[in-house]
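Chain by chain, the residues run as shown.
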Amino acid sequence: NEDSFSICQSQISALQMTACLYSTGAIFEENAERDNEIFQLAISDLSLNDDILQSEKITHSVKLIEPNNPFQAVQEACELMNQGILALVTSTGCAAASALQSLTDAMHIPHLFIQRNGDGAPRTVCQLNPSPDGESYTLAARPPVRISDVLLTVVSELYWQKFIVFYESDYDIRGLQTFMDQASRLGLDVSLQRVDRNVSRVFTDLFNMMRTEELNRYRDTLRRAVLLMSPRGAQVFIHQAVETNLASKDSHWVYANEEVSDADIMELIYSSLGRMTIIRQIFPLWRDTSVRCMRNNHRISSLLCDPQEGYLQSLEVSNLYLYDSVLMLANAFYRKLEDRKWHSMASLNCMRKSTKPWNGGWSMLDTIQKGRISGLTGMMDFRAEGSNSHVQFEILGTSYSETFGKDVKRLASWDSIRGLNGSLKENRIESGMQGVTLKIVTLLEEPFVMAAENILGQPNRYKGFSVDVLDALAKILGFKYDIYQVSDGKYGSAHPNGSWNGMIGELIGKRADLAISAITITPERESVVDFSKRYLDYSVGILMRKSEEKLNIFSLLAPFDLAVWACIAAAIPVVGIMIFLLRRIQAVRCQNNTGGHPAPSVSTSLQSAIWIVYGAFVQQGSDSILGSVALRIVMGSWWLFTLIVCSSYTANLAAYLTVSRMDNAVRSFQDLSKQVDLVYGTVRESAVYEYFRAKGTNPLEQDNTFAELWKVINRNNGLENSVSNPLDGIKKAKRGSYAFLWDMAVVEYAALTDDDCTLTIAGNSISTRGYGMALQHGSPYRDLFSQKILELQEKGDLDILKQKWWPKKGRCDLQSHADAQPEGRALHLHSFAGVFCILAAGLLLALLVAALETWWNSNPCRRKQPKEVTTDNSSGSLLLCASSSIIPYQGLKPCVLSRILSEKHSQGLGGISMRQHDSNNKVCGHYCSLLAASQRGIYTFPPVYF
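Note that the structure is predicted; figures quoted are calculated from it, not measured.

Okay, the state of the cysteines next. What the rule picks out here adds up to 1 disulfide. Two residues share a disulfide in this structure: Cys 94 and Cys 126, whose sulfurs sit 1.7 Å from each other. What sets the handedness of the Cys 94 and Cys 126 disulfide is the S-S torsion sign, and at about -85 degrees it is left-handed. Taken together, the residues Cys 94 in helix H3 (residues 94–107) and Cys 126 in the loop between strand E5 (111–115) and strand E6 (138–140) connect sequence positions 32 residues apart.

Given below as structure tokens:
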């Protein structure tokens, strides 16, 4: 009576998508509240994220058991299998894990096991039962205990021949069996002593049982000791040893525990009397929030990534592996669905003998074992005999300085692939390095390291800022050095297998003692090598070609868009026609009011109206006389329109000319991300490339500037816009239409020494990193180099060297382009060339029109003959001048003038022209005009010929 059911449909209807449900079971101990919390958090993160699982959802059922209760663990697991699960995740002790292994092997249910260690005590090896058929379904998500391997490496590096190991009463001494066997083969004298929980009683018993001679021998034995205890137990033990005077200043103790916090480390360091070395497990990706928050396009919960909350730092190691185990299962479910290899599974009944194991269990187990993820703990896979083998430890030690006193520093690291990386030897150098010859690896990078002129048969010579700093240190400390270039031409980046290339790889491989060039201090590099104090600040700069001012003779038209100019051009004739019509209407009304006589009007043509409008637009006024209210409203509206348009044009013109004189529109990363004219990139697989990757993929980054920059930089995996080395980037930027993102010091030197002075720089000057000298991990020269570099900074020698290679005024003056000039700058002729062109065009058009008028009026047939009119006047002639003044001619009587004016005025004529002959019969006056006054107002009448 098995209820068969399918976990996920093999085919999804085109009309309706059904979400697939993956059922997962979990078993945790009751005292492990964080395990259940982290498990729920991981499930929640997957449900809200579509990168790993899209329409699929994970359902889960959690069971809590008493610590070290294998029987209850099996009962709860059977209940989960009866409900139907695809996999089981547990975080328990070794006893429960062994019982669950037998059950899951029998039922063919994949089992991800995370070993817990109670009360902070060091973890021991879980002895699981071997599977009867050789097919183990239990996978150890937490790596096997490697603390014994690290301890053996440390004591060998320290040349210890005799030491004692203290362990707590609840520590399983079987975990030291391998360590003791290997130490015996090496000829080491190792003693074991168990420490009860009542530590003070242990030391009291020692004083009661031992004589003075025996106590002295025991004190000598305590000079070299290994502590396998919980952090709290170790603190009490050290305190009691110091109080009872069993610990001496020349003692050296090694404390080993996978889980120990920074606060516990500082307590141990300050409570100890002599030298202290601490071994603990680390997860290097914690240091970079942007990296640890992105795993295979999966965004880890912001609760874990928020540095202000400190939630991640408060978790135990088992919590971290539990979170990654959920990621591993989700990855397996997705690949299983992608391959369409789902099997129908039955509800399993553990209590029934006839129950058959799940027929899809082996396929699911194989999918999980072939998977690999990168999570909170780093890389996780189960390809090494069913367990996760990726583990890394760091080795910390006490250091002394006059400024800070006793402090802790990182001496070396140990991982399962490379072993020990660093040195633990106590070879401190106090003052000088006379007689020491260092082997130095370098990489050519202007102006840090450059090839100098070499003499035939002599070693290669180098120059540059870094070389000058190295020479200053060599002069102070008295060492010599040999320099060689790195073969692959790289600074150093990590490979997926954990190895490094470039100069960092040379230091790790101990082929070089020191590396100099434009090496930036990064957390990733500092985890594998040591760095001196920074000797130069570091920031990322933008190198690009100076913008050339474009020649545009009609730049004065730029403040307005073409559509605005078109509307203004259309408004002029429209308003002119409006005024023309209103004037015509006014003339007709006036004619009606005068009894049918024509209305006296001047300049009522359409062209004159448009001319009036244009005159008002250019603020030159007109000679028009507005008689009606309608005309005044039209002209008032037009004058207001022209005032606003002219004011707006003036303001926009000033702003346009100011912006057009700016050298570059790109002055920051924000400007670069918003523009589309320049493409940009950096050197692939470099620290700058990784910097933009980390900033651009950080989900917590509020500003999307770096996300936009990273899209362009990483286009086509960096092959499209990024370059292979800095020299190619500088050449590409010099050709134009490209911005090269690189170290500010390098690009500034390139701009200063450019032959054509066509390059400029921009970027943020705020420094968050620095350039330093890289040394081997645990190098005895690090502190000495850092001290002398600080002395060079205080004396100002580094500033002098910096001025040598980055002068404020070199071949090219960058300051004039970087700073705005408050006094402004004169406008060039080409800015006003358009105005002069318009003036020249107007003058040429006027000459052409004048020539046409001359040609037209030169034809006698087209001349307009004036009409002669004689008056009944025998006593004289009258000449009315164009100046509107009345001039009597040869004794004309005033009465005759008055009669003539009255007659002409009564006829509605505004002007008269009389042909008058003198004694020589010559013409005395033509085309004269008369200003006549009437009761209706003052009008200018057209000339009338008599």
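To continue, consider the pairing of strand E16 (residues 378–381). Bridge count between strand E15 (residues 372–375) and E16: 4 bridges; the pairing is antiparallel. Following the sheet pairing, Arg 372 is matched in E16 by Asp 381. Following E15, the chain reverses through 2 residues before pairing antiparallel with E16.

Moving on to the environment of Gln 177. Locating Gln 177 in the fold gives a position in helix H5 (residues 177–185). Gln 177 gets classed as partly exposed once you look at its relative accessible area, which sits at 46%. A C-alpha to C-alpha distance of 9.1 Å links Gln 177 and Ser 148, two positions 29 residues apart in sequence.

What the rule picks out here adds up to 27 aromatic pairs. Centre to centre, the rings of Trp 160 and Phe 163 are 5.8 Å apart; their planes meet at 45 degrees, and the pair counts as tilted. For Trp 160, a relative accessible area of 5% corresponds to the buried category. Their ring planes at 70 degrees and their centres at 5.9 Å tell us that Trp 565 and Tyr 649 sit as a pair that is edge-to-face. Taken together, the residues Trp 565 in helix H17 (residues 562–593) and Tyr 649 in helix H19 (residues 629–660) connect sequence positions 84 residues apart. Take Trp 565: its relative accessible area is 26%, and that puts it in the partly exposed class. Through successive ring pairs, a cluster of aromatic residues spans Phe 448, Phe 465, Tyr 535, Tyr 538, Tyr 771 and Trp 806. Cation over ring: Lys 695 sits above Phe 706, and NZ or CZ is 5.0 Å from the ring centre.

Spatial strand order, E23-E20-E24-E32-E25: 5 strands in an open sheet with mixed pairing. Where the open sheet ends on each side, the last strands, each with one partner, are strand E23 (480–485) and strand E25 (530–531). Summarising the sheet, strand E20 (residues 437–442) and strand E24 (residues 514–516) pair through 3 bridges and their orientation is parallel. What sits directly across from Thr 442, in E24, is Ile 516. Here helix H14 (residues 465–477) sits on the sheet in contact with E20, E23 and E24, set at roughly 160 degrees to E23.

What follows concerns the pattern of salt bridges. Throughout the structure, instances matching the rule amount to 29 salt bridges. For Arg 142, the salt bridge is made with Glu 258, and the minimal N-O distance between the two is 3.2 Å. Of the two residues, Arg 142 sits in the loop between E6 and helix H4 (147–157) while Glu 258 sits in the loop between strand E10 (252–256) and helix H9 (262–271), which places them 116 residues apart along the sequence. Between Arg 410 and Glu 394 there is a salt bridge whose closest N-O contact spans 3.6 Å. Here Arg 410, found in strand E18 (residues 405–415), pairs with Glu 394, found in strand E17 (residues 392–401); they are 16 residues apart in sequence, far enough to count as distant. By relative accessible area, Arg 410 is classed as buried at 12%. A single network of salt bridges, built from pairs that share partners, joins Glu 29, Asp 35, Arg 116 and Glu 316.

Moving on to the side chain of Arg 142. Overall, Arg 142 belongs to the buried group, its relative accessible area being 3%. Here Gln 115 takes part through its backbone oxygen, which lies 2.9 Å from a polar atom of the side chain of Arg 142. Leave out the neighbours within four places in its chain, and Arg 142 touches Phe 113, Ile 114, Gln 115, Arg 116, Asn 117, Arg 123, Glu 258, Glu 259, Val 317, Ser 318, Tyr 321 and Asn 388.

Interaxial distance between helix H21 (residues 687–696) and helix H22 (residues 705–713) falls to 8 Å at its minimum, and their mutual angle equals 130 degrees. The angle between the axes of H21 and H22 places the two elements in the oblique class. Of the two elements, H21 crosses H22, and the hand of that crossing is left-handed. The residues of H22 that touch H21, namely those facing Tyr 689, Tyr 691, Phe 692, Arg 693, Lys 695 and Gly 696, are Phe 706, Ala 707, Leu 709, Trp 710 and Ile 713. For the contact of H21 with H22, the per-class residue count stands at 8 nonpolar, 1 polar and 2 charged.

Bringing the UniProt feature "binding site: L-glutamate" (unreviewed entry) in the protein into the picture now. The positions that UniProt labels "binding site: L-glutamate" (unreviewed entry) are, in the present scheme, Thr 520, Arg 525 and Asp 743. Within the annotated group, the residues that form the lining of the second largest cavity are Thr 520, Arg 525 and Asp 743. Tracing the backbone shows Thr 520 in the loop between E24 and helix H16 (523–526). Residue contacts for Thr 520: discarding those within four places in its chain leaves Arg 525, Phe 531, Tyr 538, Ala 687, Asp 743, Gly 770 and Tyr 771. Within the secondary structure layout, Arg 525 lies in helix H16. The buried category is assigned to Arg 525, whose relative accessible area is 5%. In contact with Arg 525, other than residues within four places in its own chain, are Tyr 491, Gly 492, Trp 500, Ile 504, Ile 519, Thr 520, Phe 531 and Ala 687.

Let's shift gears to the nonpolar core. Counting 87 residues, the largest nonpolar core has Phe 448, Tyr 535, Phe 692, Phe 740 and Phe 785 as the members making the most contacts within it. By residue number, the principal contributor to this core is helix H24 (residues 744–752), which donates 8 residues. Apart from residues lying up to four places away in sequence, Tyr 535 is in contact with Phe 448, Phe 465, Ser 466, Val 469, Ser 517, Tyr 771, Gly 772, Met 773, Ile 789, Gln 793 and Leu 798.

Our focus in this paragraph is empty space enclosed by the protein. The final tally for this structure, using the stated rule, is 4 cavities of 30 Å³ or more. The computed volume of the second largest cavity comes to approximately 60 Å³. Surrounding the second largest cavity, Tyr 491, Ala 518, Thr 520, Arg 525, Ser 686, Ala 687, Val 688, Trp 742 and Asp 743 form its lining. Of all elements in the fold, only H21 and strand E29 (738–743) reach the threshold of two or more residues within the lining of the second largest cavity. Considered class by class, the residues forming the lining of the second largest cavity number 5 nonpolar, 2 polar and 2 charged.

Moving on, we get to the sheet that holds strand E27 (residues 540–545). Spatial strand order, E28-E29-E27-E30: 4 strands in an open sheet with mixed pairing. For this open sheet the edge positions go to strand E28 (679–681) and strand E30 (759–763), each flanked by a neighbour on one side alone. Neighbour-to-neighbour, the strand axes of this sheet turn through a mean angle of 30 degrees, independent of strand direction. As judged from the 5 bridges shared by E27 and E30, these two strands associate in the antiparallel manner. Counterpart to Met 544 in the pairing with E30 is Thr 760. Against the sheet, helix H23 (residues 726–735) contacts E27, E29 and E30, and its axis sits at roughly 145 degrees relative to E29.

The subject of this paragraph is the environment of Ala 518. For Ala 518, the location among the structural elements is in the loop between E24 and H16. Sequence-wise, Ala 518 and Ala 745 are 227 residues apart; in three dimensions their C-alpha atoms are separated by 8.9 Å. Apart from the residues within four sequence positions on either side, Ala 518 is in contact with Glu 445, Phe 448, Tyr 491, Asp 743 and Tyr 771.

Attention now goes to a nonpolar patch on the surface. Together, Leu 845, Leu 848, Val 849 and Leu 852 give the surface a local cluster of nonpolar side chains, amounting to about 370 Å² of exposed area. As for its placement among the helices and strands, Val 849 is situated in helix H28 (residues 833–857). In this structure Val 849 comes out as partly exposed when scored by relative accessible area, which is 38%.

So, how was this worked out
Residues numbered from 1 in each chain as written. Predicted model: local features only at pLDDT ≥ 70, side-chain atom pairs only at ≥ 80, totals over all residues. Heavy atoms only, no water. Disulfide = S-S within 2.5 Å. Helix = DSSP H or I, 4+ residues; strand = E, 2+ residues; numbered from the N terminus. Pairing = 2+ DSSP bridges. Buried < 20%, exposed > 50% of the residue type's maximum accessible area, 1.4 Å probe, protein only. Phe/Tyr/Trp six-rings, centres within 6.5 Å; stacked < 30°, edge-to-face > 60°. Lys NZ or Arg CZ within 6 Å of the ring centre and 35° of its normal. Contact = heavy atoms within 4.5 Å. Axes fitted to C-alpha atoms, helices over the stretch in contact; angles between N-to-C directions. Salt bridge = Lys/Arg side-chain N within 4 Å of Asp/Glu carboxyl O. Polar contact = N/O pair within 3.5 Å; in protein donor to acceptor, adjacent residues only side chain to side chain. Parallel < 35°, antiparallel > 145°, perpendicular 65-115°, else oblique. Left-handed = near helix turned anticlockwise from the far one by under 90°. Nonpolar A, V, L, I, M, F, W, Y, C, P; charged D, E, K, R; others polar. UniProt positions renumbered as here; feature names shortened; annotations may be inferred. 1 Å grid on protein atoms, 1.4 Å probe; cavity = no way out; pocket = protein on both sides within 12 Å on 5 of 7 lines; lining within 4 Å. Core = buried A, V, L, I, M, F, W, Y, C linked by side-chain atoms within 4.5 Å. Points joined across faces, edges and corners; volume = space filled by probe spheres on them. Patch = residues over 30% accessible without salt bridge, like charges linked within 9 Å, V, L, I, M, F, W, Y side chains within 5 Å. Areas by Shrake-Rupley, 256 points an atom, 1.4 Å probe, with all protein chains shown as cover.

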